[in-house]
Structures are given as C-alpha cells and as structure tokens.
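# Examining the three-dimensional arrangement
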Amino acid sequence: MPLKIPTIIGHRGARNYAPENTLESIHTAADMGCKWVELDVKLTKDMVPIIMHDDDLDRTTNGHGPVAEITYADLCNLEAGSWFSESFSGIKIPTLEEAIEVILARDLGVNLEIKPCPGREKDTAEAMLDQLSQYWDDRDRLLISSFSHVSLETAAEMAGDWYRGLLLEPEPMPNWAELADYLEVTTINIDGNEATREFIEEILDTERQILAYTINDPQTALRLRQWGVDAMFTDDPDAINDGLFKPH
Ligand code: G3P
Ligand code: MG
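Residues numbered from 1 in each chain as written. Chains lettered and ligands numbered in written order. Predicted model: local features only at pLDDT ≥ 70, side-chain atom pairs only at ≥ 80, totals over all residues. Heavy atoms only, no water.

### Some details on the overall build of the protein
- Regarding its fold elements, the protein presents 9 helices and 9 strands.
- The C-alpha radius of gyration of the protein comes to 17 Å, within 12% of the 18 Å expected for a compact globule of 248 residues.
- Referenced to the eigenvectors of the C-alpha coordinate spread, the extents of the protein come out at roughly 50 × 45 × 30 Å.
- The proportion of buried residues among the 248 residues of the protein is 54%.
- Within the protein, contacts between residues separated by at least 24 positions form 57% of all contacts whose residues are at least 6 apart in sequence.
- Accessible surface, the protein as shown: approximately 11000 Å² in total, 47% of it carbon and sulfur.
- Computed over 20 positive and 47 negative side-chain charges, the separation of the two mean positions in the protein equals 4 Å. (Helix = DSSP H or I, 4+ residues; strand = E, 2+ residues; numbered from the N terminus. Rg over C-alpha atoms; globule rule 2.2 N^0.38 Å. Buried < 20%, exposed > 50% of the residue type's maximum accessible area, 1.4 Å probe, protein only. Contact = heavy atoms within 4.5 Å. Areas by Shrake-Rupley, 256 points an atom, 1.4 Å probe, with all protein chains shown as cover. Lys, Arg positive; Asp, Glu negative; His and termini not counted. Charge placed at Lys NZ, Arg CZ, Asp CG, Glu CD.)

### Points about unusual backbone geometry
- If you check the backbone angles, N21 has positive phi at about 60° while not being a glycine.
- Turning to its location among the elements, N21 is positioned in the loop between β1 (8-11) and α1 (23-31).
- Despite not being glycine, E184 has its phi angle at roughly 50°, a positive value.
- Along the chain, E184 falls in the loop between α6 (176-183) and β7 (187-191).

### Focus: the site of ligand 1
- The full set of residues close to ligand 1 is H11, R12, E38, D40, H53, E113, K115, F147, L167, Y213 and F233.
- Side-chain polar atom of H11 to an oxygen atom of ligand 1: 2.8 Å apart, as the coordinates give it.
- Take R12: an N or O atom from its side chain is 2.8 Å from an oxygen atom of ligand 1.
- Protein contacts shield 91% of the accessible area of ligand 1, which totals 290 Å² for the unbound molecule.
- Assessed atom by atom at 2 Å from the grid points, ligand 1 resides in the largest pocket. (Near = heavy atom within 4 Å. Polar contact = N/O pair within 3.5 Å; in protein donor to acceptor, adjacent residues only side chain to side chain. 1 Å grid on protein atoms, 1.4 Å probe; cavity = no way out; pocket = protein on both sides within 12 Å on 5 of 7 lines; lining within 4 Å. Sits in = over half its atoms within 2 Å of the grid points.)

### Considering the coordination of the magnesium ion (ligand 2)
- Coordination of the magnesium ion (ligand 2) by the protein involves E38 (OE), D40 (OD) and E113 (OE), with metal-donor separations of 2.0 to 2.2 Å.
- When the donor residues of the magnesium ion (ligand 2) are listed from N- to C-terminus, their spacing reads E-x1-D-x72-E. The same class applies to E38 and to D40, which are both buried. (Donors = N, O, S within 2.8 Å, 3.2 Å for Na, K, Ca; no water.)

### Some remarks on the packing of aromatic side chains
- Tallied over the full model, the rule gives 4 aromatic pairs.
- Here F84 and F88 contribute two aromatic rings whose centre-to-centre distance is 5.7 Å and whose plane-to-plane angle is 75°, an arrangement assigned as edge-to-face.
- According to the relative accessible area criterion, F88 is buried, its value standing at 17%.
- Between W176 and F199, the ring centres sit 5.6 Å apart and the planes meet at 85°, which makes this aromatic pair edge-to-face. With W176 in helix α6 and F199 in helix α7 (residues 197-205), this pair connects stretches of sequence that are 23 residues apart. (Phe/Tyr/Trp six-rings, centres within 6.5 Å; stacked < 30°, edge-to-face > 60°.)

### Let's talk about the layout of surface pockets
- For the largest pocket, the calculated volume is near 200 Å³.
- Lining the largest pocket are 17 residues; nearest its centre among them are H11, R12, E113, Y213 and T214.
- Contributing elements (two or more residues each) for the lining of the largest pocket: β2 (36-43) and β4 (109-114).
- Across the lining of the largest pocket, the residue classes break down as 4 nonpolar, 6 polar and 7 charged. (Points joined across faces, edges and corners; volume = space filled by probe spheres on them. Nonpolar A, V, L, I, M, F, W, Y, C, P; charged D, E, K, R; others polar.)

In structure tokens:
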C-alpha cells in the first residue's frame, strides 16, 4: 500500500521562516498550509528523545558541545531561537513528546527522521519508538526515515507496520536497492538537487515512492515532479507551492 503523502512537506517545520525543529516552526508550517512536516529526532545524554538536527548544540542554541553529552535537565536551560531572530528569543528545544502534541493539535502528518549521534543508532530508534507507540496510532500519517540502516532495522523490528523511508546521500551506495528490500521501506528519500532522471527512473522501477530533499527552487520542484517524484521537503513551502500549483 502506498503512503498517502502530500507533494510538499515542511522541512524541519518551515525552516526559512522560524527556527528549525521547534514548536514554533511546526506551527509556522501549518499556518502556511503544510499538511506534513519533517523533524529530526535524537537523544540527550539521559536518553530523552528531542527534536534537533545537529550533533552539536552550537549552531541552533546558546549551548556548546555534543548533544549526546547534555542531560535533559540542562538542555531545558538552553535557548533555541535568538540565533535565528530576536523575535524568537527564549524558545526551547522541544522533546519528541511536545512536538507530537503540536502535530496532533494541528492535525498534521509527520516524517520523523531518526538522526542518531554517532554510536547511538539503535538507542535513538528504540527510545523514539518506545515513546511514540504510547501516543501515536495513525499509521497513515507517519513516515519513519533515516540514513542509518541500524536505526531503520530497529524500527522494522519494533514497529513493522509503520511506513519507513530509506534516506540516501547525494552519492547513493551501490547496493541501495538491496538494502531497501531488506529494510522493507516504502519510500526512497533522495537528494533532489543532485538526482539525475536516470537515477529517479531506477528507483521508479523498484515501485517505491520517491521523496526529495531539500527543494527550495520552484524550477527544480517542477522538474522533479515531471520526472515522477512524489513529494518534496522544502524550507520554503510558499515558494514551492507557488511554483508547482499557481498557473504560470
Ligand atoms: O529527511 C530529509 C532531510 O531532512 C535529510 O537531510 O540533513 O536535512 O536532515 P537533513
Ligand atoms: Mg532531516
């Protein structure tokens, strides 16, 4: 069964308009009309699943050093908005649980990307799925993806019914199709800015859906859609929506 997914997915919420991977970013994406958002999940030192992209705190918070070395209690003292703009100063890094509350309240679908810090591939998937299984029951509005095969393998073992997507680097490994079979993924998530038409056709031959990251240029979005890409992650939902759906 294919996953019913909208063409436009807000990347890290609506990354060009609010600090990425925050509750405010999810709300902004919903306000802009997104039906789905993509969020990155990793763990604090004491195994609390949080929404965060980088392995280090420095770029998106006022903290320093590895995320894997900070406890949840200490993380709560950090601030994750003013690096983006003063108007967002004081906002926090959300837990997975807080993010899911907003997803449910705004009636959104979500692609949770398991983004483990090095060495925590299995732990991150386990902690995320342990929690998620307590408060998520809509299989049609969830996609679990990862670049990590170990994380996807864990997801398959723990929640085999939930849709999974294999994320491929710009230079995909040669055995990606075998891996996709083994992991029983429904979607292949590719770098849409680097992908060739031939590669997209190769994926289409495997009868899997294709999602493309991270598409902020309307012309690229149009081209990918013509080539058969099902959905795109974007930092700029307005630009891609106009490019794809407004008459030219
Ligand atoms: O899941 C799509 C995209 O988010 C993958 O790359 O680095 O932005 O998490 P990244
Ligand atoms: Mg991501």
